[in-house]
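Breakdown of the fold
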Amino acid sequence: MRLGKITYYEAIKAQKPFLKPLNKTTLFLRIPSFNGALKKDIDSVITANKSKIESTENLIIDIRYNGGGSDNSFAKIIPYLYTNPVRSVRTQFYSTKLNNQRMLDLYENYQKYGIPEDEREYMKKAYDKLSQNLGKYVSLQDDGSTVGINKMDKIYPYPKNVGIIINNGNGSTAEEFLLAARQSKKVKLFGTTTAGVLDISNMYFVNSPCNEFKLGYSLSKSFRIPDMAIDGKGIQPDYFIDQTIPDYQWIDYVNNILNEK
């Protein structure tokens, strides 16, 4: 196993995910984005390093400036963080003919968005349900439940400790990942408060009639509102990294804490 130092530049400028060992007890996983187009790359990194992850005590996941993407993109990471059932508060979509086109787009271009083929039909069912309820907020769950509970059969002994590095560049799906990850007894968040752009979500982009402008807006709102609003507040770290610690020292800072005996 080749050990080495990860520079701030190497981590932040990376366009694709990568995993490297920092020392004999710590792995470093950089995920610059959860964009659906990177799901295959994220999954490949996890699969290729499966034996290392399952035999190394500490894992650092650096998601600084990861602005979000698709929830499917972090699906393979969650099992390694899991210690107990993960509760996820769901969303409701506002149904209009224009808004509902996004679901149809996801169905027709599922590969482009990194959606597994076995989940494709869900998009069509969602589109049909929305189309039947124009002008209303619609829950897409068949049972109308507002909370999903993810129970897994296995708790991996390794990694024992997971440190996730965050900052104000994290929003949307990156924050959804953090809400799930921090429910684990293994996980601590390091850095600064995130952007706080999750409660009003599921961005959709449409062209203007003249095709000179593109409008981006959100289609859904979370059932967390108002009891646990994220927008305008963000998610706070467990370990605040203050300004006396420069950006290029954050990885070493987290590494030192995880390896303290």
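Everything quoted here is computed from the prediction, not taken from an experiment. (Residues numbered from 1 in each chain as written. Predicted model: local features only at pLDDT ≥ 70, side-chain atom pairs only at ≥ 80, totals over all residues. Heavy atoms only, no water.)

**Quick notes on the packing of helix α5 (residues 97-108) against helix α6 (residues 120-131)**
Packed helices, taken two at a time, are described by the angle their axes make and the gap between the axes. In contact at an axis separation of 8 Å, α5 and α6 are set at 160° when each is read in the N-to-C sense. On the basis of the axis angle, α5 is roughly antiparallel to α6. Like other packed secondary-structure pairs, α5 and α6 cross with a definite hand, here left-handed. Between α5, through Asn100, Gln101, Met103, Leu104, Leu106, Tyr107 and Glu108, and α6, the contact on the second element is made entirely by Arg120, Glu121, Met123, Lys124, Ala126, Tyr127, Leu130 and Ser131. When grouped by side-chain class, the residues that make up the contact of α5 with α6 number eight nonpolar, three polar and four charged. (Axes fitted to C-alpha atoms, helices over the stretch in contact; angles between N-to-C directions. Helix = DSSP H or I, 4+ residues; strand = E, 2+ residues; numbered from the N terminus. Parallel < 35°, antiparallel > 145°, perpendicular 65-115°, else oblique. Left-handed = near helix turned anticlockwise from the far one by under 90°. Contact = heavy atoms within 4.5 Å. Nonpolar A, V, L, I, M, F, W, Y, C, P; charged D, E, K, R; others polar.)

**A look at the pattern of salt bridges**
By the definition in use, this model includes ten salt bridges. A salt bridge links Glu10 to Lys20; the shortest N-O distance between them is 2.5 Å. Of this pair, Glu10 sits in helix α1 (residues 8-12) while Lys20 sits in strand β1 (residues 18-23); the two residues are ten residues apart in sequence, bridging distant segments of the chain. Note on Glu10: relative accessible area 24%, which makes it partly exposed. Between Asp43 and Lys39 there is a salt bridge; the shortest N-O distance is 2.9 Å. With Asp43 and Lys39 both in helix α2 (residues 39-48) and four residues apart, this pair spans about one turn of that helix. (Salt bridge = Lys/Arg side-chain N within 4 Å of Asp/Glu carboxyl O. Buried < 20%, exposed > 50% of the residue type's maximum accessible area, 1.4 Å probe, protein only.)

**Some thoughts on the sheet that holds strand β8 (residues 161-166)**
The strand order across the open sheet built from six strands is β1-β2-β3-β8-β9-β12, with neighbouring strands paired in mixed fashion. Each of the sheet's edge strands pairs with one partner strand only, and the pair in question is β1 and β12 (239-240). As paired elements, strand β9 (residues 187-191) and β12 share two bridges and run parallel to each other. Along β12, the bridge assignment pairs Phe190 with Tyr239. (Pairing = 2+ DSSP bridges.)

**A short note on the pairing of β8**
Most of β8 is tucked away: five of the six residues are buried. Relative to β8, strand β3 (residues 58-62) runs parallel, the two sharing five bridges. Along β8, the bridge assignment pairs Asp62 with Ile165. The pairing of β8 with β9 spans five bridges and is classified as parallel. The residue of β9 that forms the bridge with Ile166 is Gly191.

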